[in-house]
Amino acid sequence: ARPGLGTLNRSHLQRLAIAQSRVLIASGVPTVPVKNLNGSSPVNPALAGITGILMSAAGLPVCLTRPPKLVLHPPPVSKSEIQSIPGISHTCRKTTKKQAKKGKAPEEVLKKYLQKDCTICMERLSAPSGYKGPQPAVKPDLVGKLAKCGHIFHLHCLVAMYNNGNKDGSLQCPTCKTIYGVKTGTQPPGKMEYHIIPHALPGHSDCKTIRIIYNIPPGVQGPEHPNPGKSFTARGFPRHCYLPDSEKGRKVLKLLLVAWDRRLIFAIGTSSTTGESDTVIWNEIHHKTEFGSNLTGHGYPDINYLDNVLAELAAQGITEESLGQEKD
């Protein structure tokens, strides 16, 4: 005959409760972890009993379990069960003598990494400049270091590079593109309009839209353009562009206004889409010209666009600091 519950001692009751709990767990009944189920203190078992009574009164199934234990390692694994990882040779790696060997002498390291060549003429800095164009009034063997980035060039090459540019008082490092001074472009004359329209862009349903309209007429190239005195075309104007009327969208607009004033939005060159030369082209600051879709890659939604165009503006030397400079 099976013993009655009254004849079972405490350890038997606990084992019975655990066995019942396992059955309930297997059937999907929610568990209630109770600490110190095997302990000698009467407090936790008493709390467990109260928990069981309350849940039973609410019509809920009761399943008391031990709290989960910390498991740091898997069960023992034999050598025959261990397999190598596909695509990786061997199953261990030791430090080699080559790895433990001390580094080279400082002179060798510096010689390897110091700048040896002028990246404008590609000649050694220890030799005269290799620039073959109109000769500036600077000795060809003199070298100079740019203050911010520290790159070194022949002064002869730097002067020649400046003379071949806009001659606007700015200089851009040909190695790292750091800008010295205020960079300006060669954008031909035109007009930039901007206003808010009561429609939302895809991906920006929480705000209205900023519309920008650029209009540049055809004309004649000036001395700063590729072919001075020759006419240039202006295809596709007026060009409509769009920004979300959000805080970041307005920030981009303010910086685009600086870019317009510095003549950096457009340039005269060869179209990458049609191959036409002597025409107005975009100048490395991307705009969104598609309002309600993104079939061409020039529309919305595009979650990275605002950050990307801010980076492109920064590459032209236009940042939030520029806004203060324009007010001065």
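See the structure shown above.
Presented here is a report on the structure given in the accompanying data block. (Residues numbered from 1 in each chain as written. Predicted model: local features only at pLDDT ≥ 70, side-chain atom pairs only at ≥ 80, totals over all residues. Heavy atoms only, no water.)

1. Brief notes about the nonpolar core
Among the nonpolar cores identified, the biggest contains 33 residues, and Ile212, Tyr214, Leu243, Leu256, Ile265, Phe266 and Leu313 are the most heavily contacted of them. In terms of residue count, helix α6 (residues 247-261) provides more of this core than any other element does, seven residues in total. For tyrosine 214, the contacting residues outside a window of four places in its chain are Lys191, Met192, Phe237, Pro238, Arg239, Cys241, Leu256, Trp260, Ile265, Phe266, Trp282 and His287. Leu125, Leu146, Cys157 and Leu158 belong to the second largest nonpolar core, which has nine residues in total. (Core = buried A, V, L, I, M, F, W, Y, C linked by side-chain atoms within 4.5 Å. Buried < 20%, exposed > 50% of the residue type's maximum accessible area, 1.4 Å probe, protein only. Helix = DSSP H or I, 4+ residues; strand = E, 2+ residues; numbered from the N terminus. Contact = heavy atoms within 4.5 Å.)

2. Some remarks on the sheet that holds strand β11 (residues 239-244)
Pairing in this open sheet of three strands is antiparallel, and the strands run β7-β8-β11 from one edge to the other. Since the sheet does not close on itself, it has two edges, and those belong to β7 (191-197) and β11, each with one partner. When the angles between neighbouring strand axes are averaged without regard to direction, this sheet yields 20 degrees. As judged from the six bridges shared by strand β8 (residues 209-215) and β11, these two strands associate in the antiparallel manner. Within the sheet, the bridge partner assigned to isoleucine 210 lies in β11 and is leucine 243. (Pairing = 2+ DSSP bridges. Axes fitted to C-alpha atoms, helices over the stretch in contact; angles between N-to-C directions.)

3. Quick word on the packing of aromatic side chains
Centre-to-centre distance and the angle between the planes together describe a pair of aromatic rings. Throughout the structure, instances matching the rule amount to seven aromatic pairs. With 5.7 Å between their ring centres and 25 degrees between their planes, tyrosine 214 and tryptophan 260 make a pair best called stacked. Here tyrosine 214 is found in strand β8, whereas its partner tryptophan 260 is found in helix α6, with 46 residues between them in sequence. Comparing tyrosine 214 with tryptophan 260, the two get one shared label, buried. In textbook terms, an aromatic cluster arises when at least three aromatic residues are bridged by ring pairs, as seen for Tyr214, Phe237, Trp260, Phe266 and Trp282. Across from the ring centre of tyrosine 180, 5.4 Å away, lies the NZ or CZ of lysine 148, which sits over that ring. The ring of phenylalanine 237 has arginine 239 lying over it, and the distance from NZ or CZ to the ring centre is 4.3 Å. (Phe/Tyr/Trp six-rings, centres within 6.5 Å; stacked < 30°, edge-to-face > 60°. Lys NZ or Arg CZ within 6 Å of the ring centre and 35° of its normal.)

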